[in-house]
Amino acid sequence: MRVRPKLMALSSGLVALSLGLAACGGGGDDGDGGDGAGYNAAIENIVNPSDKKGGTLRMAISSDIDSTDPGNMYYAWSTNFVRLYSRMLLTYPAKPGDEGRKPAPDLAEDLGTPSDDYKTWTYKLKRGQKYEDGTEIKAADIKYAVARTFDRSVLRSGPSYFADMLDAGDYEGPYKDKNLDNFKGVTTPDDYTVVFHLKRPFPEFNELVNFSGQTAPVPQDKDKGERYGLHPVSSGPYKWEGDYTPGKGGTLVPNDQWDPSDPHRKQLPAKIEMIAGLNAEELDNQLLKGDIHVDLAGSGVQDNARKTILTDDKLKEQADNPVGGFHWYLPINSEVVPNVECRKAMIWAADRDAIWRAYGGDVGGDLATSIMPPDVDGREKGTDYYTKAEKGYKGDVNKAKEALQACGKPEGFEVTMLYRSDRPKEQAVAVALQQSMGRVGIKLNLKGYPANTYVTDQFGSPEFNKKNNVAIGTFGWLSDWPTGYGYLWALTSSDAILPAGNINISMMKDKQIDDWWDQAYETEDPAERAKLYNQIDDRFRSEAYVLPGVYAKSLMFRPDSLKNVFFHKAFGMYNYSTLGVE
Amino acid sequence: MAAPIEVSGSDAEAQPEAVLSGVDRKKIQGRSLGQIAWMRLKRDKVALTGGVTVILLILMAIFAPVIVKLFGHPPNEFHQELIDPTLGGPLEPRGGMSKEFLLGLEPGNGRDLFSRIVYGARVSLLVGFLATLIAMVIGTTLGVVAGYFGGWVDWVIARTMDVFLAFPLVMFAIAVVGVLPDSWLGLEGNGLRMAIVIFVIGFFSWPYMGRIVRGQTISLREREFVDAARSMGARSPSILFREILPNLVAPVLVYATLLILTNILFEAALSFLGVGINPPTPAWGSMLTQAIRSYQIAPYFVIIPGVAIFVTVMAFNLFGDGLRDALDPRTGR
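Remember, predicted model here, so these are calculated numbers, not experimental data.

Conventions used here
- Residues numbered from 1 in each chain as written.
- Chains lettered and ligands numbered in written order.
- Predicted model: local features only at pLDDT ≥ 70, side-chain atom pairs only at ≥ 80, totals over all residues.
- Helix = DSSP H or I, 4+ residues; strand = E, 2+ residues; numbered from the N terminus.
- Buried ≥ 20, exposed ≤ 12 C-beta atoms within 10 Å, placed from the backbone.
- Contact = placed C-beta atoms within 7 Å.
- Pairing = 2+ DSSP bridges.
- Axes fitted to C-alpha atoms, helices over the stretch in contact; angles between N-to-C directions.
- Parallel < 35°, antiparallel > 145°, perpendicular 65-115°, else oblique.
- Left-handed = near helix turned anticlockwise from the far one by under 90°.
- Nonpolar A, V, L, I, M, F, W, Y, C, P; charged D, E, K, R; others polar.
- Core = buried A, V, L, I, M, F, W, Y, C linked by C-beta atoms within 7 Å.
- pLDDT = per-residue confidence, 0-100.

Asker: What is the right way to look at the overall build of chain B in this model?
Answerer: Along its length, chain B carries 12 helices and two strands. Helices and strands in chain B line up, N terminus first, as α-α-α-α-α-α-α-β-β-α-α-α-α-α. Expressed as a percentage of its 333 residues, the buried residues of chain B come to 42%. For chain B, long-range pairs separated by at least 24 residues make up 70% of all intrachain contacts whose partners lie at least 6 apart in sequence.

Asker: I keep staring at the sheet that holds strand β15 (residues 414–420) of chain A and nothing clicks. Help me out?
Answerer: All names here are of chain A. Here we have three strands laid out as an open sheet, ordered β16-β15-β17, and parallel in their pairing. If you trace the sheet from one side to the other, it starts and ends with β16 (443–449) and β17 (470–473), each paired once. This sheet shows a mean twist of 35° between the axes of neighbouring strands, independent of strand direction. Where β15 lies against β17, three bridges are found, and the strand directions are parallel. Within the sheet, the bridge partner assigned to Thr416 lies in β17 and is Val470. Lying on the sheet, helix α12 (residues 424–438) is in contact with β15 and β16; it crosses β15 at an angle near 160°.

Asker: Could you clarify how one ought to interpret helix α9 (residues 340–349) of chain A in this entry?
Answerer: Structural remark: α-helix, 3.6 residues per turn; residues separated by three or four positions point the same way. Residues and elements named next belong to chain A. The element α9 is largely enclosed, with a buried count of eight among its 10 residues. Buried residues of α9: Cys342, Arg343, Lys344, Ala345, Met346, Ile347, Trp348 and Ala349, and no others. Residues of α9 that are buried sit in contact with α11 (397–406), α12, β17 and β19 (546–553).

Asker: I'm lost on the packing of helix α10 (residues 236–272) of chain B against helix α11 (residues 284–293) of chain B in this one. Help?
Answerer: Two quantities define a packed helix pair, namely the angle between the helix axes and the distance between the axes. Residues and elements named next belong to chain B. Packing of α10 against α11 leaves a shortest axis separation of 6 Å and a crossing angle of 45°. Relative to α11, α10 is oriented oblique. Two packed elements cross with a definite hand, and for α10 against α11 that hand is right-handed. Residues Glu267, Ala268, Ala269, Leu270, Ser271 and Phe272 of α10 form the contact with α11, whose own contacting residues are Trp284, Gly285, Ser286, Leu288 and Thr289. Considering only residue class, the contact of α10 with α11 consists of six nonpolar, four polar and one charged.

Asker: Explain the pairing of strand β18 (residues 475–478) of chain A to me, please; I cannot follow it from the model alone.
Answerer: Regular strands place their side chains on alternate faces of the sheet. Residues and elements named next belong to chain A. Going residue by residue along β18, you find Phe475 and Trp477 tucked away on one face and Gly476 and Leu478 tucked away on the opposite face as well. Where strand β13 (residues 323–331) and β18 come together, four bridges link them in antiparallel fashion. Residue pairing for β18: His327 is matched across the bridge by Trp477.

Asker: Explanation requested: the nonpolar core in the structure shown.
Answerer: Soluble globular proteins tend to bury their nonpolar side chains together. Membership of the largest hydrophobic core comes to 129 residues, with the highest contact counts inside it found for A:Ile332, A:Ala345, A:Met346, A:Ala349, A:Leu488 and A:Leu547. Element by element, the count of residues in this core is highest for α12(A), at seven residues. By size, the runner-up hydrophobic cluster in this structure holds 74 residues, among which are B:Val54, B:Met136, B:Val200 and B:Ala268.

Asker: I keep staring at the confidence of the model for chain B and nothing clicks. Help me out?
Answerer: Low pLDDT means the predicted atomic positions in that stretch should not be read closely. Residues and elements named next belong to chain B. Counting all residues, the mean pLDDT for chain B is 84, and 87% of those residues have values of 70 or more. Low pLDDT, under 50, characterises residues 6–14; the predicted model gives this stretch seven contacts beyond four residues in sequence or across chains. Confidence metrics for the complex model read pTM 0.83 and ipTM 0.79.

Asker: Would you mind going over the environment of A:Tyr75 with me for this structure?
Answerer: Among the structural elements, A:Tyr75 can be located in the loop between β1 (56–60) and α2 (76–81). Each C-alpha atom, one on A:Tyr75 and one on A:Ala451, is 9.8 Å from the other, the two residues being 376 residues apart in sequence.

Set out below in structure tokens:
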């Protein structure tokens, strides 16, 4: 510490003063003259339509992507972003409104054709589709892409539906068995036909194929396992220039091998910069100025920017406040808190009003009852268990204390709570729960971890949770596809528990719920299936495995320089595959 | 005609202090270094202001619970009914400052900022003092050994000090906080975290003290009284303890005061980066982080923890400077 003390003291004082003065200086008025299309305009319409090419699109995230490997990503924003450099068998149309939620053919000529028993699904590949190096994409590449998702010791972060559903015996993935013919879950009768073989009937299979990047073709001879994400081979309008650098980002440049008849993507910017690790406040500042065009996380601006936008008419016209489709909720780990009455105590004591405020009050979302948000097909609102979805509800200290008595811990207990350290709203939720549960003696030790490792290595790792006594944590979930299965299976089925990237964080091994899941496979009628899903949701809550939070509304900002921007209902944020900047 | 001052017997020369001390008979006596220093300090208004402020801050930290009980609300208690649910700012103007909330409300959760500042002083001062104590012990020991014995001992210690001074303290602190277990040596949770912070800061600021002590020791060991002691047969340990160390008290005290302020700033920096004391315990540095996140919603909030840090650090600085001037008027000025 070589700086002289007087200088340090003086400079700290100056810093404090100048920050104060800057704050008094007031909000940004850096509007470029043009009026925004109007508040909430991008929810149903495409704002600033344009087909002009050129310019550099700058997209930033405050932490980092969970993985750039299309087979290894799970965050909704990642599966949105991957479309820039990957095409899949099926994908979401690039359209606002409900049209954007239906699966559509991408590399496949059409949606998959099921067998009568819904256990075999056949897809026909378009011909002449090429990778960035000119090689043609064949059925074997799709088979390989699906096969590699079976090895969770290599690819730890992505969805696990294929490994759970396909009839592949005890196949362990291509890293342990290089001969792809031994993978029976997917067969390729010829170079342009892909057939999936399921263990159980599953009428929603097209939705499953559609939602992730896991059917993006991967050439077996170019696969590098965990390191493939450093330069995934592109089948989309852009390709990585050099490697992606974890923690810093990378650059995407146009891929001339991409087929422009692709209806779901555009190739407008001359360059796309993806910037990782940018501080959330700084990101918002640059976003409001238009130096950055997109906040990749898609969960809305932070507190300062929210105030600036809502109190400035010009800025407000460039903002949207859609219902995002996410539910920010908090799973309770039943391995660390095995007694249901202790879990009930935690839910009773929780200050729901503070959680609602932490996400931004009216602009942040609505208090939740069921875990499935309102836009899931056939979802019912459900009953409040051990809490109230009412504004101003601060928890019930007396009921919490009664529950503590019932679970044999009248003085309370001490556990750990996790949150994502790069998300200030989640930190505020954590502090609020620490305070409200502390009223009845439940002591929460707060620990923050960055978003890109949170689900893979910390909260989504049963071993980590056990070792660190993690009982509860902030979390959020968007439907993998808009049915109860797509929302709840990964959260509640005992078959869904994984050693890394686990979404059944509550560690539910509930026989009744597992039975209902088995029943769902046998049920053909969607309305009957919806009934089962509602029952599962109800038991998820009645057995105190979860603290409901808020159905998210995000306040999102789109600079005027951003073209073709619209809110995509399936991703719960702006669509990233058709943006331009000219 | 004014009566002349009566000077008793043998004290022939009139001392200026005697003239000024009034009509009372006073035996003129030689003043010790401490007394002379104290008189000089008393005349230095700036240093006195600093010293008084330091004492007030210490009292504030010690009596925090009483002060908060009388003038504020518990520091971790939420008051969200006074906060706008959508924008997050206090509903009342001027940041919610009132008789109930002397410094207003924290945005978002509505906690009493006055209480949090008062309790925050505990963390800053406790860490500042204890870390400095560690630095003093290590620094004085190694500095004296290096300065007195010279040769390769000096060389090794001096180079070690260079390495430590070049070390990026903050990065090391972040790394240490990340890997340390949840309980260690019987401490856990916030107690352990506090201990780690104190230890890290103390352990890395000892060279600051070490260098000063080494320099002072080198100049002292050449002085006549050391030669005199040696010629009378005194051995090194005795020389160290009876001749050198007593003469180090003054500079060590001065630089300890200045080191405290450096360490308070270190603690604030660590809290600011999120590796200091855990929430919900108030600490000025982490309050500053929160303030920056909400400067649009509550602009006054940024100033409050910053001013607290500034005032504390300046107080120690001015007092320390004054102390140094009082003890050795040849330096400074």
